[in-house]
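Examination of the molecular architecture
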Amino acid sequence: MTNAELTDIAKRWFASKSWTPFTFQQEAWEAYLSGYHGLVNAPTGSGKTYSLVMPILLEFLNEQAASGATKKSRAGHGLRAIWITPIKALAREISNSAQKAVDGLGIDWHVKLRTGDTSSAEREKMKKSPPEFLITTPESLQLMLAQKGYAKFFENLRAVVCDEWHELMGSKRGVQMELALSRLKTVCPQLKVWGISATIGNMDEALQALLGSSHVRGKYKVIKSDIKKAIEVESVLPDTVEKLPWAGHLGTNLIDKVIPIIKNSKSTLIFTNTRSFAEIWYQRLLDKAPELAGIMAMHHGSISRELRDWVEDALHNEQLKAVVCTSSLDLGVDFRPVETIIQIGSPKGVARFMQRAGRSGHQPGALSKIYFVPTHSLELTEAAALREAIAIGLVEDRIPYIRSFDVLIQYLVTLAVSDGFRQDEIYPEIKGTFSYSSVTDAEWKWLLRFVTTGGAALTAYDEYRKVEIEDGVYKVKNRMVAMRHRLSIGTIVSDSSLQVKYVSGKYIGTIEEWFIARLSPGDVFWFAGRNLELVRIKEMVVQVRNTKKKAKAVPSWQGGRMPLSSQMSVMLRKKLHDVTRKGEKEDVELNFLQPLMDLQKRRSHLPTKNEFLIEYFKSREGYHVVMYPFEGRAVHEGMGALLAHRLAQITPITFSIAMNDYGFELLSDQEIPIYEAIETDVLSPDNLWRDIQASINSVEMARRRFRDIAAISGLVFKGYPGHQIKDRHLQSSSQLFFDVFNDYESENLLLLQAYEEVMDFQLEEARMRKALERINNQKIIITEPTKPTPFAFPIMVDRMREKLSSEKLEDRVKRMQLQFDD
DNA sequence: GACCTGCTGCGGTTTG
């Protein structure tokens with residue numbers, strides 16, 4: 001059978017199901033069947049699964065036909081294809097699609113799932129007779145590499161597909177995949193590697209990371225789907241601009257405008273940026289619109305899986321009219337689309353916003369509509385920025401992790417746990433990955449020494465001699481070491497938290513210790529949309545009961561910061577430039593904000609794209625310098641520290657530093673020599689690395705970062721399932737290692753990695769450098785406003801928020817706002 | 001009573 005004939009079969013099959021394959025699917029089939037590796041670029045809901053499931057099955061049909069095989073007895077073909085998904089729920093869904101395709105084409109294959117939920121009996125069965133089609137996660141794949149005789153298990157493998165590759169590649173889970181693939185490519189030379197990815201800014205890099213340097217030798221193709229998605233962005237506006245606060249993040253003062261949107265729609269998802277806000281919004285919506293009780297639900301990552309599943313099912317069955325949620329609902333799972341999407345506050349990134357918008361109008365070609373609810377005035381410019389970014393197709397890059405030695409160490413021990421490895425065989429495989437292509441011979445030797453002896457600092461301790469060398473084979477012989485290692489596979493290090501359960505034992509979700517520590521038995525808090533009374537805390541379990549009493553607290557969780565993406569920064573600056581142009585603007589938001597912008601202009605200045613604004617003023621609090629790079633919090637954090645450091649070189653002076661996504665403020669009780677500083681190039685990118693190191697407490701930041709590195713590399717053991725080691729304990733033992741390395745083995749690669757990660761991810765050094773270069777080419781405008789400006793206000797409020805109790809803050813904000821009328 | 005910044009994901013006690 002030729003490829004054309006085969007694709008014909010598939011097309012007929014599609015026709016009988018009354019679906020039409022898209023052009024991109026047919027392209028993918030043909031490329032796959034002609035022996036290419038590649039990447040399919042298609043959005044969720046486009047039937048992207050079939051673009052690769054079909055040719056994998058057809059290839060098998062072709063082979064059967066070529067060998068003259070007739071219908072054989074079931075199975076026994078060995079493992080033929082592995083499908084990797086980042087999420088278990090998605091794995092279930094893929095498994096259904098794959099099963100349908102297998103049945104539809106009448107192919108004699110088993111389709112099986114292998115995740116952490118798979119029973120050990122089932123796993124044993126799979127080891128003995130592998131399914132032909134296996135759907136699994138990166139972690140489970142690594143666990144399979146930790147099995148004895150894995151090479152035999154994988155020997156018939158023809159294809160590995162990495163679904164949602166854009167999700168994986170920007171994390172250490174992606175690196176795990178790169179490593180697994182490097183091994184599988186050797187074990188099965190005829191292996192084809194494919195990825196499926198949503199659109200990202202750096203598609204080429206996505207392909208390189210997936211295929212490694214072997215893509216230079218092999219045949220590869222990028223298949224782009226022809227499906228266009230129309231997205232309409234509508235901002236929810238108050239009646240007048242004065243109704244919007246200048247600062248804040250919650251946005252509930254627009255709740256009366258949000259309720260009609262929910263009521264007029266059959267189904268609505270309301271996305272908030274934090275779990276805490278989801279709780280608050282849910283509560284406020286119920287207060288304002290009690291008729292939503294029973295048809296509205298909430299969904300976030302700290303609510304138990306069981307409750308979340310219920311919500312997802314109810315949404316699917318159209319029993320719910322609205323769900324308040326966090327990103328827990330924007331990941332890959334393709335439930336039935338909803339009619340309306342509402343985004344509360346800035347989504348911080350174009351891709352995230354588009355992903356959420358895409359939850360509505362799911363059919364190809366349908367319009368997706370998303371409402372943007374600003375939480376403070378200036379945030380409205382982000383709506384305009386998002387709209388244009390979508391229009392011109394500007395989406396974020398996903399930066400692949402490189403040189404993550406913690407992941408590599410874990411992988412080497414994994415191989416040593418199963419069949420052992422020869423270093424001269426594995427080294428070239430490692431070098432062939434995107435992530436580790438720059439590893440040097442000396443670094444490789446260090447890694448081998450580390451897994452066998454614990455390295456220079458730990459040589460004296462037997463515990464860290466995990467791997468032994470026997471006839472040139474690196475092997476783990478100690479059963480305890482092997483078991484603990486299998487228990488620790490993975491790169492997600494979660495914070496330990498307390499379980500919240502009813503006294504009866506029913507599990508509701510998790511909460512952080514510091515929050516519950518503020519409460520006493522009898523106190524009432526609001527969680528998972530319920531009023532819960534704290535009964536007692538017993539062995540890491542918070543026992544609660546339902547109550548009618550009013551809650552006095554809403555939990556919050558300490559998650560990652562999400563700075564404004566650089567693509568958003570670019571568009572935001574463009575929109576602010578647009579504001580400076582005369583006449584009616586294209587974006588309603590900008591016209592709406594015009595009075596506020598005029599005020600900013602009167603009190604200070606509105607910078608054009610060629611200008612950089614600095615405000616210098618004195619208040620009761622002291623002397624303020626505020627700068628507006630619009631580069632996101634992370635960059636401003638570093639830039640603020642950098643500037644404080646360089647100013648202190650001119651004159652002895654100390655500052656308190658505050659920042660948000662738009663700018664940062666230095667506050668001092670003495671006059672700040674800002675004019676002199678600008679003269680002396682205080683914003684120069686020269687000596688950036690050196691000055692940053694001198695200005696921030698990089699040791700402390702790296703030490704904190706080291707917690708995850710220590711856990712992933714296996715230096716610290718996270719505990720047995722159900723008996724997690726306490727967070728504080730994990731933190732302190734990893735700090736111990738950090739300090740030992742810092743003092744006695746400064747060339748330790750894990751230690752160096754911690755410092756690198758601080759620069760790359762915490763401070764976004766590369767982005768800061770670019771920003772400084774840009775600023776150096778801009779005209780610097782220093783104004784001395786006599787009253788706080790709309791630009792400065794939110795930064796100042798955020799600073800006070802950290803220091804003052806909320807009551808005092810409110811007074812303060814009122815007093816400041818009084819000064820605004822001029 | 002108003003005020004709240006800080007997301008998501010997986011894995012797991014057993015072996016010749």
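The paragraphs below set out a description of the structure included in this document. (Residues numbered from 1 in each chain as written. Chains lettered and ligands numbered in written order. Predicted model: local features only at pLDDT ≥ 70, side-chain atom pairs only at ≥ 80, totals over all residues. Heavy atoms only, no water.)

1. With respect to the overall build of chain A
For chain A, the helix and strand inventory stands at 32 helices and 28 strands. Computed over its C-alpha atoms, the radius of gyration of chain A comes to 28 Å, within 12% of the 28 Å expected for a compact globule of 822 residues. Total accessible area computed for chain A in this model is approximately 34800 Å², and 50% of it derives from carbon and sulfur atoms. Charge centroids of chain A, computed over 108 positive and 102 negative side chains, lie 4 Å from each other. (Helix = DSSP H or I, 4+ residues; strand = E, 2+ residues; numbered from the N terminus. Rg over C-alpha atoms; globule rule 2.2 N^0.38 Å. Areas by Shrake-Rupley, 256 points an atom, 1.4 Å probe, with all protein chains shown as cover. Lys, Arg positive; Asp, Glu negative; His and termini not counted. Charge placed at Lys NZ, Arg CZ, Asp CG, Glu CD.)

2. Here we look at the packing of aromatic side chains
Summed over all chains, the structure comprises 32 aromatic pairs. Taken together, a centroid distance of 5.5 Å and an interplanar angle of 40° make the contact between phenylalanine 630 and tyrosine 662 tilted. Taken together, the residues span a long stretch of sequence, with phenylalanine 630 in the loop between β23 (622-627) and α24 (633-650) and tyrosine 662 in the loop between β24 (656-659) and β25 (664-668) at a distance of 32 residues. Here the two residues phenylalanine 630 and tyrosine 662 agree in accessibility, since each one is buried. When the centroid spacing of 6.1 Å and the interplanar angle of 80° are considered together, the rings of phenylalanine 706 and phenylalanine 741 count as edge-to-face. Of the two residues, phenylalanine 706 is situated in helix α27 (residues 698-712) and phenylalanine 741 in helix α28 (residues 727-744); the sequence distance between them amounts to 35 residues. In this structure phenylalanine 706 comes out as buried when scored by relative accessible area, which is 0%. (Phe/Tyr/Trp six-rings, centres within 6.5 Å; stacked < 30°, edge-to-face > 60°. Buried < 20%, exposed > 50% of the residue type's maximum accessible area, 1.4 Å probe, protein only.)

3. Considering helix α9 (residues 172-187)
When the terminal C-alpha atoms of α9 are compared, their 23 Å separation across 16 residues agrees well with the 22 Å that a helix rising 1.5 Å per residue should span. Of all the 16 residues making up α9, 14 are buried; the element is thus mostly covered by neighbouring parts of the structure. Among the residues of α9, the N-terminal cap falls to serine 171, whose side-chain oxygen and the backbone nitrogen of arginine 173 are separated by 3.1 Å. (Expected span 1.5 Å × (residues − 1). Polar contact = N/O pair within 3.5 Å; in protein donor to acceptor, adjacent residues only side chain to side chain.)

4. Concerning the sheet that holds β25
Here five strands make up an open sheet; going across it, the order is β24-β25-β23-β22-β28 and the pairing mixed. Each edge of the open sheet is held by one strand with a lone partner, namely β24 and β28 (779-783). Looking at each pair of strands side by side, their axes are set apart by 20° on average, direction ignored. Summarising the sheet, β23 and β25 pair through five bridges and their orientation is antiparallel. Residue pairing for β25: tyrosine 623 is matched across the bridge by serine 668. (Pairing = 2+ DSSP bridges. Axes fitted to C-alpha atoms, helices over the stretch in contact; angles between N-to-C directions.)

5. Regarding the side chain of threonine 789
In this structure, threonine 789 sits in the loop between β28 and α31 (792-803). The buried category is assigned to threonine 789, whose relative accessible area is 0%. Residues within four places of threonine 789 in sequence aside, it is in contact with Trp246, Gln600, Arg603, Ser604, Glu615 and Tyr628. (Contact = heavy atoms within 4.5 Å.)

6. Side note on the protein's contact with DNA strand B
DNA strand B sits among 51 residues. The nearest are Arg275, Gly301, Thr326, Gly559 and Arg801. Residue arginine 123 places a side-chain N or O atom 3.2 Å away from a phosphate oxygen belonging to DNA strand B. At the level of elements, α5 (120-128), α6 (138-145), α12 (275-288), α20 (479-487) and β27 (723-724) are the ones that each hand at least two residues to the surface near DNA strand B. With five residues, α12 is the largest single contributor of residues to the surface near DNA strand B. (Near = heavy atom within 4 Å.)

7. Focus on the sheet that holds strand β4 (residues 133-136)
Taking strand neighbours across the sheet as the criterion, the seven strands line up as β3-β4-β2-β5-β6-β1-β7 in an open arrangement whose pairing is parallel. For this open sheet the edge positions go to β3 (111-114) and β7 (220-224), each flanked by a neighbour on one side alone. Each strand axis lies, on average, 15° off the axis of its neighbour in the sheet, ignoring direction. α6 rests against β2 (81-84), β3 and β4 of the sheet, and its axis sits at about 120° to β4.

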